[in-house]
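Observations on the model geometry
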Amino acid sequence: MIDIQLNRLREMLIPVWKSNDFYKEKLRDTGFSNPEEIQTLSDYQNLPFTTKDELSTDQVAHPPYGTNLTFPQEKYTCIHQTSGTTGSPIRWLDTRESWDWWGKCWRDIYSAAEVTSADRLMIAFSFGPFIGFWSAYHGAQQLGAFTIANGGMTSDQRIRAILTNDVTVVISTPTYALRLAEVAKKEGVDLNTDSKVRVTIHAGEPGASLQSTKQRIENGWGAKAYDHIGATEVGAWGVMCKAQNGVHLNEDEFICEVIDPDSGKHADEGELVITNLGRVGMPVIRYRTGDFVKLKSEQCPCGSEHRILDGGVVGRLDNAIIIRGLNVYPATIENIILKVQDVSEFAVRAYSGDTFDELEIQIETFNPMSDETASDVIAAIQGELGLRTIVKTVSNGTLPRYELKSRRFTDDRKNK
Ligand SMILES: [Zn+2]
């Protein structure tokens, strides 16, 4: 596999080496004088890492698009931007060719989930400046599947459109899939029996790789839920196959490594580092994604040689909460809380107490204001993480609902 990957890398590097100012500068000190000299994995590992900070700094210094551009501006056909959850948004350009490459990566995601041209898709997002929805749509068009435009619709209107158009596949954040199921229920619609949806594909948050969230989505929809992972600056790199045994790295289109974030040495768990092979116009080479992942050692029963991440992306390295010496990812807490069946929604806040940092969890419950459920949540977190928490039950409808990524975690501590 590495030989094919390195072949494509060398091919990509020919124009990059010539005319991409950002990477010309970075590659200057590597000791290589042309792409042909990169022949082995260890040669590849001599290329420098790229960080999000570098990309962001470059765009600030050279507005509006920075210097990571291989071609003249007229070659580019579209622009998207990162969400800016960590730092200011980064603008990313695609050429016609790299946009088609995005579509190909999405076709890999669809085909792994056994979605075909006979399916009818709703990509349930508002179609803002983020790349996910647009690329999912482009891939669906390449596949030849019927796809519904639904930006600007309310959740209620989307439910109606799903029923009217016999939608079979829904693509959304896991949070929004649960929200749609909740709205449907209120409207007297049982998605299990009234809709034809058989597959849901989720991105933006780790939910569909968390057993408890996945179970809730599948129960709400009567469909099989798949996780998918990607990023604006990298591409759609994570694919879940029908064995649902974790998330495959798409090693046809990306070179992937896992490193210890401190030493930079290879590890079985740590930070994911990616080079994309089909985005010549604005590539990333050995890009430190900031995603914390765990490689599985065994091969997937589906037969694919592409390696698997256990539980997809476990968390972002920059959003782990260190509380009373314990390093916890929001997704881990979500998985534990949503295992308690009676919890319908929750929010977590860390704050500085008199002596220790405290973690306070507000929950909404299906059974009105159940104290027993609060005790169950306390016990579940104590049991799995050994962490004492304060849990308060609030009335239904108190906590916010989300269409895109949820913002259920806040950190109000003085010293984070
Ligand atoms: Zn597989």
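So, here is what we can say about the structure in this document. (Residues numbered from 1 in each chain as written. Predicted model: local features only at pLDDT ≥ 70, side-chain atom pairs only at ≥ 80, totals over all residues. Heavy atoms only, no water.)

1. Structural notes on the sheet that holds strand E19 (residues 409–411)
Spatially, E18-E17-E16-E19 is the arrangement adopted by the four strands of the open sheet, whose pairing is mixed. Each end of this open sheet is capped by a strand with a single partner; those strands are strand E18 (390–393) and E19. Pairwise comparison of adjacent strand axes, ignoring direction, gives a mean angle of 20° for this sheet. As paired elements, strand E16 (residues 343–352) and strand E17 (residues 357–365) share nine bridges and run antiparallel to each other. Paired with Ala350 across the strands is Leu359, a residue of E17. Sheet strands touched by helix H12 (residues 371–385): E16, E17 and E18. Its angle to E17, the strand with the most contacts, is close to 135°. (Pairing = 2+ DSSP bridges. Helix = DSSP H or I, 4+ residues; strand = E, 2+ residues; numbered from the N terminus. Axes fitted to C-alpha atoms, helices over the stretch in contact; angles between N-to-C directions. Contact = heavy atoms within 4.5 Å.)

2. A word on the coordination of the zinc ion
Protein coordination of the zinc ion is provided by Cys241 (SG), His248 (NE2), Cys300 (SG) and Cys302 (SG), with donor distances spanning 2.1 to 2.3 Å. Its four donor atoms give the zinc ion angles of 105 to 115° at the centre, a pattern that matches the tetrahedral case. For Cys302, a relative accessible area of 36% corresponds to the partly exposed category. (Donors = N, O, S within 2.8 Å, 3.2 Å for Na, K, Ca; no water. Tetrahedral: all angles 85-135°; square planar, octahedral: opposite > 155°, others 65-115°. Buried < 20%, exposed > 50% of the residue type's maximum accessible area, 1.4 Å probe, protein only.)

3. Description of the packing of helix H7 (residues 155–164) against helix H8 (residues 174–186)
For the pair H7 and H8, interaxial distance at closest approach is 9 Å and the crossing angle is 85°. Considering the angle they form, H7 stands roughly perpendicular to H8. The segment H7 lies against H8, with Ser155, Asp156, Arg158 and Ile159 engaging Tyr176, Leu180, Val183 and Ala184. A breakdown of the residues in the contact of H7 with H8 according to their chemical character gives five nonpolar, one polar and two charged. (Parallel < 35°, antiparallel > 145°, perpendicular 65-115°, else oblique. Nonpolar A, V, L, I, M, F, W, Y, C, P; charged D, E, K, R; others polar.)

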